[in-house]
Amino acid sequence: MKLSLSTISTLNASFAQDVAAYAVAGFDGIGLWEMKLPADDTANLKLIRSHGLAVSNCIPTVPSFLQLAIPGMEGPPDPEERIEAICGSVRRFAAYEPECVMVLSGPLGGRSEADGRATVIDGLRRVAAEAREAGVRLGFEPIHPAQRDSAGFVTSLADAFALLDEAGSGDVGIMADTFNLGHEPTDALTRVAPRLTGLHVADELPEPLPGVRALPEPAGRAAEIVTALRVAGWDGTLDVEIFSTPDSFWSLPVDEAARRAYVAVSALA
């Protein structure tokens, strides 16, 4: 398995600092959050390649079809504007040759579930078509149930596949996440292993906080899921993705954060 670190995990570092620190720590890849990417894609690619990193998954600046309710990440309220922005991000990310570009549903935000589903299905069809044309694989990520009202109303594999089926998006995969899907039975994850476009790895805190993650532990839920997927023959990239607080993981210097993340995820792989 290849090992990657998502740039949201080192929120306060620059892109150049991320690349250098991840490579020194021993990672094979980098998960790109577009909001941290400088404008010059040619220079960005040169930097990534000069450090021997591949690009695992990419998260658009506007990552969801419906407006997020996460402070600082809300983005435009109009779904049409959001879909167009995601399509633009897919076109941009194609140059990085990622394993996938990831999208979310977003929360309902006062809409009926029927209205929300219709918007997400329309968005999936349009963005999937853009991804096909760009030669990029699209991954749809279900969200942790505790974040249904802030990040995404699709909180299970069953709901995600129902939307993909209704959208006729059989070539769109699932971007799985051990934090978001830790409540799913392990065999539900192994059954869909061929559809996984990647795996974000993190564990819940001992005293859970909504959306806040801890590094994976050798005896934690992330380790259980990774082991089961390996037994099932899945050999994709493990991408550490840590959402934290200013006084916890996000407070660490980038070199130390990358080192700790590599130690944690390499124990799983």
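This write-up is about the structure you can find in this document. (Residues numbered from 1 in each chain as written. Predicted model: local features only at pLDDT ≥ 70, side-chain atom pairs only at ≥ 80, totals over all residues. Heavy atoms only, no water.)

Things to note about empty space enclosed by the protein
Put simply, the rule reads: A pocket here means an open set of points on a 1 Å grid, computed over the protein atoms alone, that has protein on both sides within 12 Å along at least five of seven lines. A cavity is instead a set of points where a 1.4 Å probe fits but cannot get out; residues with an atom within 4 Å of a point line either one. Grid points are joined across faces, edges and corners, and a volume is the space filled by probe spheres set on the points. Asp, Glu, Lys and Arg are counted as charged, while Ala, Val, Leu, Ile, Met, Phe, Trp, Tyr, Cys and Pro are counted as nonpolar; the rest, among them Gly, fall into the polar class.
Applying the stated criterion across every chain, the model contains 1 cavity of 30 Å³ or more. The volume enclosed by the largest cavity comes to roughly 30 Å³. Contributing to the lining of the largest cavity are Lys2, Asp28, Gly29, Ala54, Val55, Ser56, Glu99 and Thr237. Across the lining of the largest cavity, the residue classes break down as 2 nonpolar, 3 polar and 3 charged.

Examining the pairing of strand β1 (residues 3-6)
The condition is simple: Accessibility here uses a 1.4 Å probe with only protein chains present; expressed as a share of the type maximum, an area under 20% marks a residue as buried, one over 50% as exposed, and anything in between as partly exposed. Note on conventions: DSSP H or I runs of at least 4 residues are helices, E runs of at least 2 residues are strands, and numbering of each starts at the N terminus. For two strands to pair, DSSP has to find at least two bridges joining them.
Here β1 shows two buried faces, one formed by Leu3 and Leu5 and the other by Ser4 and Ser6. Of the strand pairs in this sheet, β1 and strand β10 (residues 238-240) are connected by 3 bridges, and their pairing is parallel. Bridge pairing in β10 places Leu3 opposite Leu238. As judged from the 3 bridges shared by β1 and strand β2 (residues 29-33), these two strands associate in the parallel manner.

Details of the packing of aromatic side chains
Each aromatic ring pair is specified by the distance between its two centres and by the angle formed by the two planes. Rules: Note on ring pairs: Phe, Tyr and Trp rings are taken, using the six-membered ring of Trp, and paired if centres are within 6.5 Å. Classes follow the plane angle, with under 30 degrees stacked, over 60 edge-to-face and the rest tilted.
Summed over all chains, the structure comprises 4 aromatic pairs. Look at Trp33 and Phe243: their rings are 5.7 Å apart centre to centre, the planes differ by 75°, and that puts the pair in the edge-to-face class. Of this pair, Trp33 sits in strand β2 while Phe243 sits in the loop between β10 and α8 (254-268), placing them 210 residues apart in sequence. Look at Phe93 and Tyr96: their rings are 6.4 Å apart centre to centre, the planes differ by 70°, and that puts the pair in the edge-to-face class. For the residue pair Phe93 and Tyr96, the accessibility class agrees, reading buried in each case. A connected cluster of aromatic rings, assembled from ring pairs, spans Tyr22, Phe27 and Tyr262.

So, the pairing of strand β7 (residues 196-201)
As a reminder, the rule being used: By the criterion used throughout, a crossover qualifies as right-handed when its path from the first strand across the helix to the second strand runs clockwise, the strands pointing away from the viewer.
Of all the 6 residues making up β7, 6 are buried; the element is thus mostly covered by neighbouring parts of the structure. Sheet analysis places strand β6 (residues 173-177) next to β7, joined by 4 bridges and oriented parallel. Each bridged residue has a counterpart across the sheet, and for Met175 the counterpart in β7 is Gly198. You can see the chain leave β6, run along helix α6 (residues 186-191) and come back into β7, and the turn it takes is right-handed. Bridge count for β7 against β10 is 3 bridges, and the pairing is parallel. Directly across from Leu199, in β10, lies its bridge partner Leu238.

Quick look at the sheet that holds strand β5 (residues 138-140)
The line we're drawing: Helix axes are fitted only over the stretch in contact, all axes being lines through C-alpha atoms; the angle between N-to-C directions runs from 0 to 180 degrees. The contact criterion used is simple: two residues touch if any of their non-hydrogen atoms lie within 4.5 Å.
If you walk around this closed barrel you meet the 8 strands as β1-β2-β3-β4-β5-β6-β7-β10, and the pairing is parallel. Within this sheet the neighbouring strands show an average axis-to-axis angle of 30°, counted without direction. Where β5 lies against β6, 2 bridges are found, and the strand directions are parallel. Bridge assignment links Gly139 to a residue of β6, and that residue is Gly173. Strands β1 and β2 of the sheet are contacted by helix α1 (residues 15-25), whose axis makes an angle of about 160° with β2.

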